[in-house]
Amino acid sequence: MDDRGTVKRNGREIAMVRSYLAMDYGGSSGRGILGHYDGEKLILEEVNRFPDFFVEINGICYWDTFMMFQNLKESLKTAGQKCRNKTELVSVGIDTWGTDYGLLDGQGNPIGTSVCERNTQGAGRKAVTEKIGEKVLYEKTGTHFLDGNTLFQLYERKLREDSGLEYAGTLLMLPDLLGYFLTGECFSEYSDAVTSMLLDAESETWNVDILEKLGLPADIYPKVIHGGEKSFSVKKELLEELHLKGINYTPVLSHDTASAIAAVPHVPGQAFCSSGTWSIMGAVTKEPPAKDRARQYNFASSKFGNSFYKTHRDFMGMWMITQCKRKWEAEGRKYSWEEITDAAAKAEEFAAVIDVDRPEFFNVGNMHGKIERYLARTGQRMPQGMGALSRCIYESLALRYRRTARQLQEISGEKITSLCIVGGGSRNRFLNQLIADAVEVPVIAGPSEAACIGNILMQMKADGQIQTLEEGWKIAENSFEKEVFLPDGTQDWESYDRKYQSIKESVKEEGKL
C-alpha cells in the first residue's frame, strides 16, 4: 500500500475499501497487524510488535494483562493513524493462546491479573482426574490433558486456598478479558472456551456438574458465542482517547490455533501444524474422530465452523530453543535465528535425543540445566556448543512430529499426504526440512502470520465481506506465497524413531503429557 492508500492491480491503482486490525498475542511476543482487503487480495501491514511476558511474585507467575491491554490500545491508535483519510478501519479482533483466564468481581473489576499456565506443577490435574476420571472428563469436554488446562489451574487455586475464587463474579478466557476491557461486554468465544476443560464441546454448555463435584464456582461463566458471528461497539471513552470513530470489536476464533487454521484451506489428506511456542498439530475433517483413539493419544476434538471438526494435539514447539536463546543472550552471546539454524545444520546428526514431552521442559527456568540432567539420566552426553544443542532440540522435535502424524492417521482414518505448517515456526527452514524428512511427506510452509490472517477473515465475515470459511480460504490462497519442502529420503528415520522411543521408555514418565 502506498501513502495514498492504493494498491496496483493489473497495472491499475485501486483504492483500499475496508481495513481490519488483528491483535495476535503469543507466549513470547504479540503484534498488531492491519489487513487491507481490496476485493481480491488481503494485504498485511504491521503496526506494532511487543513482548509478552509473565512476572513471578511469591513463587507464582502472572501474565501482565494490563500491559497487554495497553499494547492493544497503542496498536489501535497507530492503526487509526495509518488508515485515516485512506481507508476505513472497521474493527479489531483478538486471539491468544488457550487455557489462561482472568477473574472479575461482582462489580466487573479485575481480581488481580492472570495466572500463567506454565506455573502449574500438575497438582490440579492429578487431583481432578482422581476425583472425576479421565474418561468422564474427555467424554464431557473433548479436551486433551495438559497440566495447564483451565480446570486444573482453578483446582490448584482451590488447593492453595486462593481467595480470588471466593470473590469471583465472572471468569473470562484471556482474549475475552481483553475484549471486555474494550467493550464492557462479557462472553466466552467457543474456540477458546473449549481449551478450558470447563465446556461441553458438543452441547456448548458449561459442565456445572463437574464443577460442583469439585467444589469450584459453577455460576461464573458467561454465554458462549462463535467467532465471526457478531460485533460489539468499543467504549465511547476509549474511542475518544484513541481518536477513533465508530470502530467495533469482533470476537474472532480467539484461540490462536483456530485463527491460524481459518487461514489454511481444508485439503483431504493434509494435516496442519501451528508452529510457535507450542506445536499444535492436527487435521480438519468432515467427520468426528474416533474418540477412544483420540483420548488414548491425548488429542483434543471440537467443532470447527459449521461443517468441520478440528482434531489436534499440543506438544513442544519453539519454547525450548527460545529459552536457550534467552540464556545465551543473558550471557552476552546474541545469535540471530539464522545463525542458530546454520550452526545446527553443521553439527553432528543425532548426537543426543530428548523426550520433548517431559513436563519439566514446559516450565520456566534453566532450560540448559534441565536438558543436561535429562541427558545424564538417559546415559547421553550433553551436546557442546550452541549448534550441537540446537540440533539436538530440532531433531527431537522432528521425531515428535513423526510420531504425532502416525497417531493422527489412526484417529482420523485418513492417510496424511502433506503437512501445512503455519505460524512463526514456519520460517525455520532447517526445522521444516527435518520435519519433511521425519514425517516423509511434503511440508508446505506458510503463511507465518496465519493467526492474524484467520483473525482478519473472521472480522470480514462479521462485516459481511465473506459468508463462509471456504470463501476466506480462497482469499488467503490468492494472497500469500508458500514454500514447499520435499522429504530427502536418504536418512533412516525409522531407526532414529526407535532410539527416541527407547530413550522415552528408559525414564519413568511421571506426569506424561
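Everything numeric here is computed off the predicted structure, so don't read it as measured data.

K.L.:
Looking at this structure, how should I read the side chain of glutamate 156?
P.N.:
Of note, glutamate 156 is situated in helix H4 (residues 150-159). It is arginine 160 that comes nearest to the buried, bridge-free glutamate 156 among opposite-charge side chains, at 4.3 Å. Separated by 3.4 Å, the side chain of glutamate 156 and the backbone nitrogen of glycine 122 make a polar contact. Discounting residues that sit within four places of it in the chain, glutamate 156 has contacts with Thr120, Gln121, Gly122, Ala123 and Gly124.

K.L.:
So what exactly am I meant to see when it comes to the sheet that holds strand S16 (residues 248-249) here?
P.N.:
The strands that make up a sheet pair up through hydrogen bonds in the backbone, lying either parallel or antiparallel. Judged by pairing direction, the sheet is mixed, and its six strands sit side by side in the order S5-S4-S3-S8-S16-S15 without closing on themselves. With one partner strand each, in any of the chains shown, strand S5 (42-51) and strand S15 (232-233) form the two edges of the open sheet. In this structure, strand S3 (residues 18-25) lies alongside strand S4 (residues 29-37), joined through eight bridges in antiparallel fashion. Paired with leucine 21 across the bridge in S4 is leucine 34. Each of S3, S4, S5 and strand S8 (88-95) is contacted by helix H1 (residues 65-83), which is oriented at about 145° to S5, the strand it contacts most. Its contacts with the sheet place helix H6 (residues 174-183) against S3, S8, S15 and S16, and it is angled at close to 140° to S8.

K.L.:
Honestly, the pattern of salt bridges in this entry has me stumped. Any pointers?
P.N.:
In a structure, side chains of opposite charge can pair up when their charged atoms sit close to one another. Counted under the stated rule, the structure contains 29 salt bridges. Here the salt bridges share partners, and the residues they tie into one network are Asp355, Asp357, Arg400 and Lys504.

K.L.:
Is there a simple way to explain the confidence of the model for the protein chain in this structure?
P.N.:
Interpretation of this model should avoid reading the predicted coordinates in detail wherever pLDDT is low. Looking at the protein chain, pLDDT values average 91 and 96% of them are 70 or higher. When the criterion is pLDDT under 50, residues 1-5 qualifies, and its contacts beyond four places in sequence or with other chains add up to 13 contacts. Here residues 509-513 scores under 50 on pLDDT; set against residues more than four positions off or in separate chains, the count is 17 contacts.

K.L.:
Sorry, what's going on with the pairing of strand S21 (residues 418-422) here?
P.N.:
Every regular strand shows the same layout, with side chains that alternate between the two sheet faces. Within S21, five of the five residues are buried, which leaves it mostly tucked inside the rest of the structure. Side chains of S21 alternate between two faces, with Ser418, Cys420 and Val422 and Leu419 and Ile421 buried alike. As paired strands, strand S17 (residues 270-275) and S21 are joined by five bridges and run parallel to one another. Looking at the pairing, serine 274 lines up with valine 422 of S21. One ladder, built from three bridges, connects S21 with strand S22 (residues 443-445); its direction is parallel. If you follow cysteine 420 over to S22, its bridge partner there is isoleucine 444. Between the parallel pair S21 and S22, the chain is carried across by helix H16 (residues 429-439), and the sense of this crossover is right-handed.

K.L.:
Help me out: how do you make sense of the state of the cysteines in this one?
P.N.:
Among covalent bonds in proteins, the disulfide is the one between the sulfur atoms of two cysteines. Applying the stated criterion across every chain yields a total of zero disulfides. Lacking any disulfide linkage, cysteine 116 is separated from the closest cysteine sulfur, that of cysteine 61, by 5.9 Å. Sulfur of cysteine 420: no disulfide; nearest cysteine sulfur belongs to cysteine 273 and is 9.5 Å away.

K.L.:
Teacher, can you tell me more about the sheet that holds strand S19 (residues 300-304) here?
P.N.:
Taken in spatial order, the seven strands of this open sheet run S19-S20-S18-S17-S21-S22-S23, and their pairing is mixed. A single partner strand is all that each edge strand has here, and the edge strands are S19 and strand S23 (483-485). Pairs of neighbouring strands in the sheet enclose a mean axial angle of 25°, with direction left out of account. Against the sheet, helix H15 (residues 386-412) contacts S17, strand S18 (278-285), strand S20 (308-316) and S21, and its axis sits at roughly 150° relative to S20.

K.L.:
What am I meant to see in the packing of aromatic side chains here?
P.N.:
Two aromatic rings are characterised by how far apart their centres lie and by the angle between their planes. Summed over all chains, the structure comprises 19 aromatic pairs. Summarising the aromatic geometry, the rings of phenylalanine 187 and tyrosine 249 are spaced 6.4 Å apart at their centres and angled 20° between planes, so their arrangement reads as stacked. Of the two residues, phenylalanine 187 is situated in the loop between H6 and strand S11 (188-189) and tyrosine 249 in strand S16; the sequence distance between them amounts to 62 residues. The exposure class assigned to phenylalanine 187 is buried, which follows from its relative accessible area of 1%. Residue classification places tyrosine 249 among the buried positions, given a relative accessible area of 1%. Centroid distance phenylalanine 315 to tyrosine 401: 5.2 Å. Interplanar angle 85°. Geometry classified as edge-to-face. One end of the pair, phenylalanine 315, is in strand S20; the other, tyrosine 401, is in helix H15, with 86 residues separating them in the sequence. Tyrosine 401 sits in the buried class, given a relative accessible area of 0%. One aromatic cluster is present, built from ring pairs that chain together Phe66, Phe69, Tyr180 and Phe181.

Scoring rules and cut-offs
- Residues numbered from 1 in each chain as written.
- Predicted model: local features only at pLDDT ≥ 70, side-chain atom pairs only at ≥ 80, totals over all residues.
- Heavy atoms only, no water.
- Helix = DSSP H or I, 4+ residues; strand = E, 2+ residues; numbered from the N terminus.
- Buried < 20%, exposed > 50% of the residue type's maximum accessible area, 1.4 Å probe, protein only.
- Lys, Arg positive; Asp, Glu negative; His and termini not counted.
- Salt bridge = Lys/Arg side-chain N within 4 Å of Asp/Glu carboxyl O.
- Polar contact = N/O pair within 3.5 Å; in protein donor to acceptor, adjacent residues only side chain to side chain.
- Contact = heavy atoms within 4.5 Å.
- Pairing = 2+ DSSP bridges.
- Axes fitted to C-alpha atoms, helices over the stretch in contact; angles between N-to-C directions.
- pLDDT = per-residue confidence, 0-100.
- Right-handed = clockwise from strand over helix to strand, strands pointing away.
- Disulfide = S-S within 2.5 Å.
- Phe/Tyr/Trp six-rings, centres within 6.5 Å; stacked < 30°, edge-to-face > 60°.

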